[in-house]
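Report on the structure
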Amino acid sequence: MGELSAADHASPRLPPPLPSPSPKKLSVLPLIALIFYNVSGGPFGVEDSVSTGGGPLLSLLGFLIFPLLWSLPEALVTAELAASFPENGGYVLWISSAFGPFWGFQEGFWKWISGTMDNALYPVLFLDYLSQSLPLFARPAARVPALLALTAALTFLNYRGLHIVGFAAVALTAFSLSPFVVMALLAVPRIRPRRWLAVDLKKANFRGYFNSMFWNLNYWDKASTLAGEVDDPSRSFPRALFGAVMLVMASYLIPLLAGTGALDTSTTGEWKDGYFAQVGMAIGGAWLSWWIQAASAMSNMGLFEAEMSSDSFQLLGMSELGMLPAIFSKRSKYGTPTTSILCSASGVVLLSSMSFQEIIEFLNFLYSLGMLLEFAAFIKLRVKKPELHRPYRIPVGTGGAVAICVPPTVLLVLVMCLASMRTVAVSVSVMLVGFLLHPAIEQLRSRKWVAFLATAEPPESFSSAALVQDQVTIDDDASVSLLLDHSHAKKEPLDLAISLDSALKME
């Protein structure tokens, strides 16, 4: 798509919004915390992997092997593409550049629905933990108003500014993980390594096991949607993603090693959501159990904030690309996308009545569709657009890029094959809605019923450094490799002759 259509020329256009005082940009540490909460939030919810895996062995092996097969490839691909397209919208930009705006819109729609489903879990889980100590919140008369009030309060915090959300995420990360550090230290004298090898495949539920693993290790790409709010994103994203991968793996493995090594796991059925509170009781006493329950509740707040930030800035980025009406790009005085936040909050409220297992399976299927498209875009951009400015580049050639994508692609297909027919039906319905919604929005544009921003197409690469003089070079420190290869830092000239029309050109 090299040129704007006649419909685009005929549509009402708004000039880009006047610049407001620049909001504070996220640095690496808050970005690590946001990625951590996009992906994990701590070991809350990994208990199911022990029961569905038939014992500790498959659970521990899963959190050792799955990050290598799934998390690391996704993080590497995200680092390269987020550095190349460091603007709000993230994966919507990647897909649009590789396959055109129609598929970019579908990617954004699937990921937004998946993210909103995911976010609907956290206020519910927060009240579930709270009701263990205050049974009042188990009653609908108190639960529904509390759910609405909690969603409104967390939405307001998101509205107040991304830098506030970022530093809140840092504080919540420290608080959520601290009881597990204490639990691990107290568990050391009681650990019997042979307990880690226990497994009973007859008790395993592999659909639940794979869904649990996948849910606890996905969404590495989510923070890319707010890349425009990050300080020096081309350098910050690779570093933050590497730090987040290490933090997530440690936050899962250390509590599992401590709990399954210190306690008898012959009755694996007890390992359900929230069981770490019982593990804390057995290892440290009531005080540690209460601490873990408080950390669980606070972690859900961090998960909500990180997800809503990513979802709302994704809608803002799509609006800036001309895929959504201009109202979605409207920012508050704090620099946050007001309409996009309200839209995401409304979706959370509407979906909060679904059950936990329904939400997990639905969002996993839609997320898998989006990730298959992202891996395809990564390979196509490597092959068709080798000149694309890549401040961070995975140090492999085209064959290596394909090889990196094979293991996670197999896992994605496996998760989709294990889905129930109901999940497939719902997901196909969502896809059909997306296919119809795109031409409907184009009709709104062509009939001048809704205003869109003038910037309808993304440039080829959004490196902010590319706006300087053609002769200027930059030190490619952004190529701090997630594979720990620091030997490729070099100086590269920047090609400034990138037109808006070449952005989505199909080659």
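Quick caveat, the model's predicted, so the values are computed rather than measured. (Residues numbered from 1 in each chain as written. Predicted model: local features only at pLDDT ≥ 70, side-chain atom pairs only at ≥ 80, totals over all residues. Heavy atoms only, no water.)

**With respect to the overall build of the protein**
As a reminder, the rule being used: Elements are defined by DSSP. Helices are runs of H or I of four residues or more, strands are runs of E of two residues or more, and each kind is numbered from the N terminus. Burial classification: accessible surface area is computed with a 1.4 Å probe over protein chains only, and a residue below 20% of its type maximum counts as buried, one above 50% as exposed, and the rest as partly exposed. Where accessible areas are quoted, they stem from the Shrake-Rupley method and a 1.4 Å probe; at the residue level, only the protein chains shown are allowed to cover.
Secondary structure assignment for the protein yields 16 helices and 4 strands. Looking at the protein residue by residue over its 507 residues, the buried ones come to 56%. Accessible area for the protein stands at about 20000 Å²; split by element, carbon and sulfur atoms hold 69% of it.

**Details of the UniProt feature "transmembrane region" (unreviewed entry) in the protein**
The test is simple: UniProt positions are given in the numbering used here, feature names are shortened, and annotations may be inferred rather than shown by experiment.
The UniProt record annotates "transmembrane region" (unreviewed entry) at residues 165-188, 240-263, 275-292, 362-381, 393-415 and 421-441. Helix and strand shares over residues 165-188 are 96% and 0% respectively, and the end C-alpha atoms of the span are 35 Å apart. A helix fraction of 96% and a strand fraction of 0% characterise residues 240-263, whose end C-alpha atoms lie 35 Å from each other.

**Re the nonpolar core**
Soluble globular proteins tend to bury their nonpolar side chains together. The condition is simple: Definition of nonpolar core: a set of buried residues of the types Ala, Val, Leu, Ile, Met, Phe, Trp, Tyr and Cys, connected through side-chain atoms within 4.5 Å. Working rule for contacts: check all heavy atoms of both residues, and any pair within 4.5 Å makes them a contact.
By size, the foremost hydrophobic cluster in this structure holds 136 residues, and its most contacted members are Ile 35, Trp 70, Met 183, Trp 220 and Phe 276. Setting aside anything within four residues of it in sequence, one finds Trp 70 in contact with Phe 214, Leu 217, Asn 218, Trp 220, Tyr 367, Met 371, Phe 375, Pro 408, Leu 411 and Leu 412.

**Things to note about the packing of helix α2 (residues 28-39) against helix α8 (residues 162-187)**
Rules: Lines fitted to C-alpha atoms define the axes here, with helix axes fitted over just the stretch in contact, and angles between the N-to-C directions of these axes take values from 0 to 180 degrees. Orientation categories follow fixed angle ranges, with anything under 35 degrees roughly parallel, anything over 145 roughly antiparallel, 65 to 115 roughly perpendicular, and all other angles oblique. Rotating anticlockwise by less than a right angle from the far helix to the near helix defines a left-handed crossing, while the corresponding clockwise rotation defines a right-handed one. Three classes are used: nonpolar for Ala, Val, Leu, Ile, Met, Phe, Trp, Tyr, Cys and Pro, charged for Asp, Glu, Lys and Arg, and polar for all others, with Gly counted as polar.
Orientation of α2 relative to α8, taken along the N-to-C sense of each, is 65°, at an axis distance of 8 Å. Viewed along their axes, α2 and α8 adopt a mutual orientation that is roughly perpendicular. For the pair α2 and α8, the crossing hand works out as left-handed. Of the residues in α8, those in contact with Leu 29, Pro 30, Ala 33, Leu 34, Phe 36 and Tyr 37 of α2 are Leu 162, Val 165, Gly 166, Phe 167, Ala 169, Val 170, Leu 172, Thr 173, Ser 176 and Leu 177. Looking at the contact of α2 with α8 residue by residue, the classes come out as 13 nonpolar, 3 polar and no charged.

**A short note on helix α12 (residues 286-320)**
Rules: Expected helix span is taken as 1.5 Å per residue step, with the number of steps being one fewer than the number of residues.
With 35 residues, α12 should reach 51 Å at 1.5 Å per residue; the first-to-last C-alpha distance of 51 Å fits that figure. A large share of α12 lies buried, amounting to 27 of its 35 residues.

**Concerning the packing of helix α4 (residues 56-84) against helix α9 (residues 206-216)**
Contact geometry of α4 with α9 gives a least axis separation of 10 Å together with a crossing angle of 50°. Between α4 and α9, the angle is such that the two are oblique. Both α4 and α9 take part in a crossing whose hand is right-handed. Of the residues in α9, those touching α4 at Leu 58, Ser 59, Gly 62, Phe 63, Phe 66 and Trp 70 are Phe 206, Tyr 209, Phe 210, Met 213, Phe 214 and Asn 216. Looking at the contact of α4 with α9, its residues break down into 9 nonpolar, 3 polar and no charged.

**Section: unusual backbone geometry**
Phi is mostly negative for residues that are not glycine, and the peptide bonds are mostly trans. Phi at Tyr 219 is positive, roughly 75°, even though this residue is not glycine. Structurally, the position occupied by Tyr 219 is in the loop between α9 and α10 (233-262). Positive phi, normally seen in glycine, also occurs at Asp 232, with a value near 50°. The exposure class of Asp 232 is partly exposed, given its relative accessible area of 32%.

**As for the packing of aromatic side chains**
To be explicit about the condition: Side-chain rings of Phe, Tyr and Trp (the six-membered ring for Trp) are treated as a pair once their centres are within 6.5 Å; stacked means planes under 30 degrees apart, edge-to-face means over 60, and tilted covers the remaining angles. Think of it as a cone above the ring: NZ of Lys or CZ of Arg counts as a charge over the ring if it is within 6 Å of the ring centre and within 35 degrees of the ring normal.
According to the stated counting rule, one finds 22 aromatic pairs in the structure shown. When the ring of Phe 214 is compared with that of Tyr 367, the centres are 6.0 Å apart and the planes differ by 65°; the resulting orientation is edge-to-face. Within this pair, whereas Phe 214 is found in helix α9, its partner Tyr 367 is found in helix α14 (residues 356-384), the two being separated by 153 residues in sequence. Seen from the ring of Tyr 91, Lys 111 lies directly overhead, with NZ or CZ sitting 4.1 Å from the centre. The ring centre of Phe 452 lies 4.3 Å from the NZ or CZ of Arg 445, which sits over that ring.

**Brief notes about the pattern of salt bridges**
For clarity, the cut-off: Note on definitions: salt bridges are taken to be side-chain nitrogens of Lys or Arg within 4 Å of carboxyl oxygens of Asp or Glu.
The final tally for this structure, using the stated rule, is 10 salt bridges. Across the salt bridge formed by Lys 111 and Asp 221, the nearest N and O atoms sit 2.3 Å from each other. One end of the pair, Lys 111, is in helix α6 (residues 101-133); the other, Asp 221, is in the loop between α9 and α10, with 110 residues separating them in the sequence. Here Lys 111 matches Asp 221 in class, with each residue buried. Here Lys 222 and Asp 311 are joined by a salt bridge, their closest N and O atoms 3.0 Å apart. Placement of the pair is Lys 222 in the loop between α9 and α10 and Asp 311 in helix α12, with a sequence separation of 89 residues. When its relative accessible area of 1% is taken as the criterion, Asp 311 is described as buried. Linked by salt bridges that have partners in common, Glu 107, Lys 111, Asp 221 and Glu 374 make up one network.

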